[in-house]
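Observations on the three-dimensional arrangement
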Amino acid sequence: MSTEPLLAVRGLAVVIGGRHILHGVDLDVAPSGVTALLGRNGAGKTTTVRGVLGLVPRTGSVRFLGEETVRLATHALVRRGVGYAPEDRGIFAALTVAENLRLAERPGAGGPAYGLVHELFPELKARAKQLAGTLSGGQQQMVAIGRTLLNGNRLIIADEPTKGLAPKVVTEVARVLERAAQAVPVLLVEQNLAMVRRLAEHCVVLADGRTAHRGPAADLLADPEATRRLLGVGRRADAVSEENPMAPQDTGTAATSAADSGKAGA
Amino acid sequence: MSTTVLLAVTGLGLGALYFLVAAGLSLIFGLMDVLNFAHGALLSVGAYATWWAAGGHLPGAGSGGFGFVLAVCFGTAVGTVAAVVLELALIRPLYDRPREQVLATVGVGLAVPALLSAIWGPDARPFPGPAALSGTFGLLGARIPVNRLVLIGAAAVVLVALRLFLGGTRHGLVVRAGVEDRAMVTALGIDVRRAFTLVFAIGGAAAALGGALGGLYYGSVDPGQGTSLLIFAFVVVVIGGTFGAGGSGAATGSVAGAALAAVVVGLVQQFANYYTASGLGDLAVVVLLAVLLLLKPGGVTGRLA
Amino acid sequence: MTTATTAREAATGGDVAAPAGSLRRYGRWWPAVALAALLAAPYSSLPLPGLLDGPIGSAGSLQLLALCLVFGALATGYDLLLGRTGLLSFGHALYFAAGSYATELIMVEAGLPFAVAAVLGLCCGIALAAALGSVALRVGGIAFSMVTLAFAQAGSILVERDPGGVTGGEEGRAIPADRLPASLAGIGNTANLYWIALAYLVLTLAVVHWAVRSPTGRVWEGIKENERRVEVLGLRPYGFKLVAFVLAGALAAVGGIVHLLLTGGATPQTTTSDFTLSLLVMVVLGGSGSRWGPLVGGVLYTWADHRLGDLAGSPAVSGLPSFLRVPLSQPLFLLGALFVATVVALPGGLTRLPARLRRR
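Residues numbered from 1 in each chain as written. Chains lettered and ligands numbered in written order. Predicted model: local features only at pLDDT ≥ 70, side-chain atom pairs only at ≥ 80, totals over all residues. Heavy atoms only, no water.

In the annotation of an unreviewed UniProt entry, the entry for chain C reads Amino acid/amide ABC transporter membrane protein 2, HAAT family, and the organism field reads Actinacidiphila paucisporea. Looking at chain C in UniProt, the text filed under Subcellular location (unreviewed entry) is "Cell membrane". (UniProt positions renumbered as here; feature names shortened; annotations may be inferred.)

As annotated in an unreviewed UniProt entry, chain A carries the name Amino acid/amide ABC transporter ATP-binding protein 2, HAAT family and is attributed to Actinacidiphila paucisporea. UniProt's Sequence similarities (unreviewed entry) comment on chain A is quoted here verbatim: "Belongs to the ABC transporter superfamily."

Tallying the contact residues gives 20 residues for chain A and 19 residues for chain B. A buried area of about 1700 Å², summed over both sides, lies between chain A and chain B, and 63% of it is on carbon and sulfur atoms. For chain A, the biggest contributors to the area lost against chain B are His75, Phe92 and Leu103 of chain A; these three give 35% of the whole. Here chain A and chain B share one salt bridge between them. A salt bridge links Glu99 of chain A to Arg176 of chain B; the nearest nitrogen and oxygen atoms lie 2.7 Å apart. For the pair chain A and chain B, the number of links is eight residue pairs in polar contact (both at pLDDT 80 or more). Where the side of chain A that touches chain B is concerned, the elements lending two or more residues are α2 (74–79) and α3 (97–104) of chain A. Among the residues making up the side of chain A that touches chain B, the classes are represented as 11 nonpolar, three polar and six charged. (Contact = heavy atoms within 4.5 Å. Buried area = accessible area lost by both parts, 1.4 Å probe. Salt bridge = Lys/Arg side-chain N within 4 Å of Asp/Glu carboxyl O. Polar contact = N/O pair within 3.5 Å; in protein donor to acceptor, adjacent residues only side chain to side chain. Helix = DSSP H or I, 4+ residues; strand = E, 2+ residues; numbered from the N terminus. Nonpolar A, V, L, I, M, F, W, Y, C, P; charged D, E, K, R; others polar.)

On to the pattern of salt bridges, then. Opposite charge on two side chains allows them to pair when their charged atoms are near. All names here are of chain C. Under the criterion given, the structure shown has 15 salt bridges over all chains. Of the charged contacts, one joins Arg173 and Glu104 as a salt bridge, the two residues approaching to 2.6 Å between their closest N and O atoms. Taken together, the residues span a long stretch of sequence, with Arg173 in strand β1 (residues 173–174) and Glu104 in helix α4 (residues 93–109) at a distance of 69 residues. In this pair, the class of Arg173 matches that of Glu104, namely buried. Measuring nitrogen to oxygen at the nearest pair gives 2.7 Å for the salt bridge that ties Glu109 to Arg173. (Buried < 20%, exposed > 50% of the residue type's maximum accessible area, 1.4 Å probe, protein only.)

Listed by partner, the interface residues are 41 residues for chain C and 39 residues for chain B. When the two sides are added together, the surface that chain C and chain B hide from each other amounts to roughly 3300 Å², 83% of it contributed by carbon and sulfur. Inspection of the chain C/chain B interface yields one salt bridge. A salt bridge links Arg161 of chain C to Asp282 of chain B; the nearest nitrogen and oxygen atoms lie 2.9 Å apart. Where chain C packs against chain B, one counts three residue pairs in polar contact (both at pLDDT 80 or more). Broken down by secondary-structure element, the contributors of at least two residues to the side of chain C that touches chain B are α5 (114–136), α6 (141–161), α11 (273–286), α14 (322–328) and α15 (331–345) of chain C. A class-by-class count of the residues in the side of chain C that touches chain B yields 31 nonpolar, seven polar and three charged.

All names here are of chain C. As annotated by UniProt and renumbered to match this structure, "transmembrane region" (unreviewed entry) occupies residues 29–48, 60–80, 87–108, 114–137, 193–212, 242–263, 275–293 and 332–350. Within the segment residues 193–212, helix and strand shares are 100% and 0% respectively, and the terminal C-alpha atoms sit 28 Å apart. Within residues 332–350, the helical portion is 74% and the strand portion 0%, while the C-alpha atoms at the span's ends are 18 Å from each other.

What follows covers α3 of chain A. Burial runs high along α3 of chain A: six of the eight residues are buried. Along α3 of chain A, the residues that are buried comprise Val97, Glu99, Asn100, Leu101, Leu103 and Ala104 of chain A. Against α4 (114–120), α5 (122–126) and α6 (137–149) of chain A together with α7 (170–180) of chain B lie the buried residues of α3 of chain A.

In this section: helix α7 (residues 167–183) of chain A. Residues and elements named next belong to chain A. For α7, built from 17 residues, the straight-helix expectation of 24 Å at 1.5 Å per residue is met to within 8% by its first-to-last C-alpha distance of 25 Å. If you check which residues of α7 are buried, you get Val170, Val173, Ala174, Val176, Leu177, Ala180 and Ala181. Residues of α7 that are buried sit in contact with β3 (34–39), α4, α6, β7 (155–159), β8 (186–189) and α8 (193–199). (Expected span 1.5 Å × (residues − 1).)

This part takes up the side chain of Glu87 of chain B. Residue and element names in this part refer to chain B. Locating Glu87 in the fold gives a position in helix α3 (residues 65–91). Within the structure, the side chain of Glu87 is placed 2.5 Å from the side chain of Tyr95, a separation counted as a polar contact. There is a polar contact of 2.8 Å between the side chain of Glu87 and the side chain of Thr197. Contacts of Glu87, omitting those with residues within four sequence positions, involve Met32, Arg92, Tyr95, Phe196, Thr197 and Phe200.

In total, this model carries 17 aromatic pairs over all chains according to the counting rule given. Seen in terms of ring centroids, Phe71 of chain C and Phe96 of chain C are 6.1 Å apart; in terms of plane orientation they differ by 35°. Their pairing is tilted. With Phe71 of chain C in helix α3 (residues 59–85) and Phe96 of chain C in helix α4, this residue pair connects regions lying 25 residues apart in the sequence. A relative accessible area of 8% places Phe71 of chain C in the buried class. Summarising the aromatic geometry, the rings of Phe144 of chain C and Phe245 of chain C are spaced 6.1 Å apart at their centres and angled 80° between planes, so their arrangement reads as edge-to-face. Taken as a pair, Phe144 of chain C in helix α6 and Phe245 of chain C in helix α10 (residues 237–263) lie far apart in primary sequence, 101 residues in all. Classification of Phe144 of chain C as buried rests on a relative accessible area of 2%. Using a relative accessible area of 2% as the deciding quantity, one classes Phe245 of chain C as buried. Within the aromatic cluster, the residues linked to one another by ring pairs are Phe37 and Phe234 of chain B together with Phe90 of chain C. (Phe/Tyr/Trp six-rings, centres within 6.5 Å; stacked < 30°, edge-to-face > 60°.)

Quick look at the structure:
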């Protein structure tokens with residue numbers, strides 16, 4: 001297996017409305033397994049993902065499969081084999097479940113893998129004609145992840161897929177991502193360290209719009225001092241269900257310690 | 001009774017004209033947040049192109065029978081091309097600057113009628129049409145001009161076609177999804193800009209068809225026709241947005257809402273202008289626009305409001 | 001303004017030779033030089049072939065110059081909304097027309113002297129702007145634009161339908177010559193009207209200059225940049241936006257009164273949405289949000305609107321092939337096209353052009 005990273009991000013900078021959100025993020029996604037993108041609230045995790053995809057104006061270098069993509073439009077990068085499940089799930093509420101999935105279809109080898117999606121999420125088949133807006137949060141997350149699995153993608157980016165979900169659903173999402181990661185590398189933005197512990201091999205930690213730490217995920221989680229310093233969540237590492245489901249990404253929740261809450265920049 | 005019937009059919013015909021303009025306007029606004037002030041100009045382009053072709057300038061086209069159908073097709077095609085050019089040349093370079101997009105359409109909305117009057121003069125030109133469409137027929141004791149029916153029929157066809165397109169094709173699906181969340185559509189690997197060009201083409205085609213058939217309705221074409229229809233089309237779009245907001249799907253809802261609103265506005269205008277002081281219907285409709293926007297600013301214009 | 005341009009050209013021409021220090025010193029005084037030149041224009045018999053139809057001091061030229069000044073000032077006032085507060089109003093013509101029609105009506109129907117009628121007409125314009133602005137500003141963004149458009153269109157329909165013969169319909173309302181003070185009536189007194197137009201311009205420039213630098217003006221700037229941030233500071237944008245709306249409306253109403261004098265009547269063309277849109281064209285063409293941009297745009301637009309038609313009839317143009325001659329005969333087409341080009345390729349308008357060229 002090649003050790004060359006699948007996705008190599010160097011010096012990613014994002015300026016929105018005259019404010020520097022990212023100053024220079026370096027990030028590699030390994031060619032297999034799950035790479036976790038961690039950091040306190042406001043560290044710039046979601047902006048990094050959106051910057052990689054070109055959903056926000058960005059500078060720097062984003063190499064995917066060895067090709068520089070920073071000048072590509074979002075859809076062109078995605079067509080090279082990226083599946084994206086965004087933080088707010090990106091569900092089209094007025095479309096049916098089947099239509100939401102159909103939008104993700106792309107011409108390519110083998111055609112859309114509905115078999116896989118329906119096997120992992122039988123519920124989506126049963127609810128195919130239901131409007132996606134009437135689904136529960138967990139079901140919407142299934143649609144979002146299902147869309148990333150439809151195309152034989154080379155990389156899946158999942159931004160806080162467990163946020164706001166009931167513990168039982170979190171377990172299910174974890175199971176699906178685990179299975180998906182056996183076939184496709186995953187870049188996982190996650191606050192829930194139990195998920196990270198279970199899934200991730202590598203991790204990248206952001207702080208104040210910069211890469212603060214890179215290395216094996218297990219090493220970081222094994223070091224409570226480093227975990228607290230970088231993530232501010234040491235004591236609550238396993239607090240799966242205490243996440244506030246309504247809290248937006250970039251405002252302080254349980255994970256932001258009082259001392260650092262003033263730094264939330266993004 | 002016969003007056004009521006005549007007013008009702010005329011109101012419906014006017015509503016059909018409004019719908020042809022408003023359908024594209026509301027799709028463009030829903031998908032791209034662009035309030036297209038050049039939409040009236042597209043109608044005028046369609047009207048003049050049809051008039052030009054029907055006047056014998058286009059081989060095969062003429063003012064009667066198949067020749068007229070060809071002229072209408074030509075006018076619609078020219079309007080469609082004009083809309084596509086407008087989108088590619090002016091709207092696309094300004095995607096990051098929504099206010100400039102509106103300003104650019106305002107400029108086109110001013111320049112095109114001026115160009116038309118430079119070429120063919122500022123005065124109304126009589127619009128040639130087949131004899132079969134210039135007559136009247138009897139309905140419940142009223143003599144109804146046939147051209148009203150043509151307009152109503154064309155609008156109904158466009159409504160059905162639009163609903164089939166939105167509900168039954170992949171492009172329609174992309175448009176419906178784009179109305180909800182453009183960024184997510186691109187994040188699924190779809191070039192949403194092609195959908196932008198497409199809705200401009202559809203909107204331009206409908207407006208140009210409205211212009212061609214509006215020429216029959218008014219019996220003449222003049223450079224300012226489209227612009228004066230535009231504000232009533234805005235009214236229809238906004239009322240349609242309030243109707244469609246609760247319906248299924250933002251895009252299909254807004255098209256259906258526009259159809260319903262166009263009928264209401266057309267009828268209100270006809271009846272109010274006839275039974276009360278002349279002009280009161282127009283006034284009522286314009287005031288209705290303000291009132292609706294103030295009561296439900298999130299209706300159709302929610303994204304920019 | 002044509003003279004102003006000449007004056008400015010003369011000033012900059014001198015500057016080129018002078019050392020940098022005096023360039024800056026002269027540069028600061030060019031508005032005063034321009035004003036002096038404008039004040040003296042009626043005494044000038046200098047012909048400007050092509051630009052004007054006769055010598056500067058002739059009645060026809062002064063009339064056109066005065067119109068240029070009025071619309072330049074009107075655009076400057078309108079930019080209080082567009083360029084300074086970020087409000088895209090499509091109904092500013094309404095307040096211009098209100099000043100015009102109200103003054104005429106009060107003067108002729110109530111038989112009051114012109115000065116009194118003008119003050120009352122101004123009050124009408126202010127009251128209308130306050131009433132409609134307080135309603136329209138309840139919504140933001142493009143909804144605000146459409147509400148203002150709807151109000152203006154309602155006004156336009158009212159004027160056109162001529163309820164009770166009050167507005168004169170499509171004819172408008174002419175002022176009977178004997179109703180005006182002798183010094184303001186007749187072709188012989190065009191110079192006086194010209195000076196009034198100039199006074200209106202100076203007034204508008206002064207008011208806008210002062211208002212933009214006041215604490216309120218800084219809040220306007222904040223609203224334009226980011227309304228949310230102003231709210232975070234604990235200020236209510238609504239009140240500030242209303243002040244801008246009413247102030248701009250009042251300036252427009254004064255302009256309407258000056259226009260009434262200048263053209264000898266109130267015309268329905270000033271009520272149409274096309275007229276508002278042409279204001280928009282003037283402002284954006286010259287440069288929205290800058291001190292001189294709207295003025296330059298207004299003057300250029302008005303001059304082109306009046307003079308390009310004449311030029312099209314000149315032998316130089318009529319000899320051109322038709323694909324060039326036909327568009328040239330329609331000033332509105334050229335202005336619309338120029339406007340679109342400005343929007344797409346020249347953010348900041350024509351007044352930003354020299355700076356952009358210098359940076360190259």
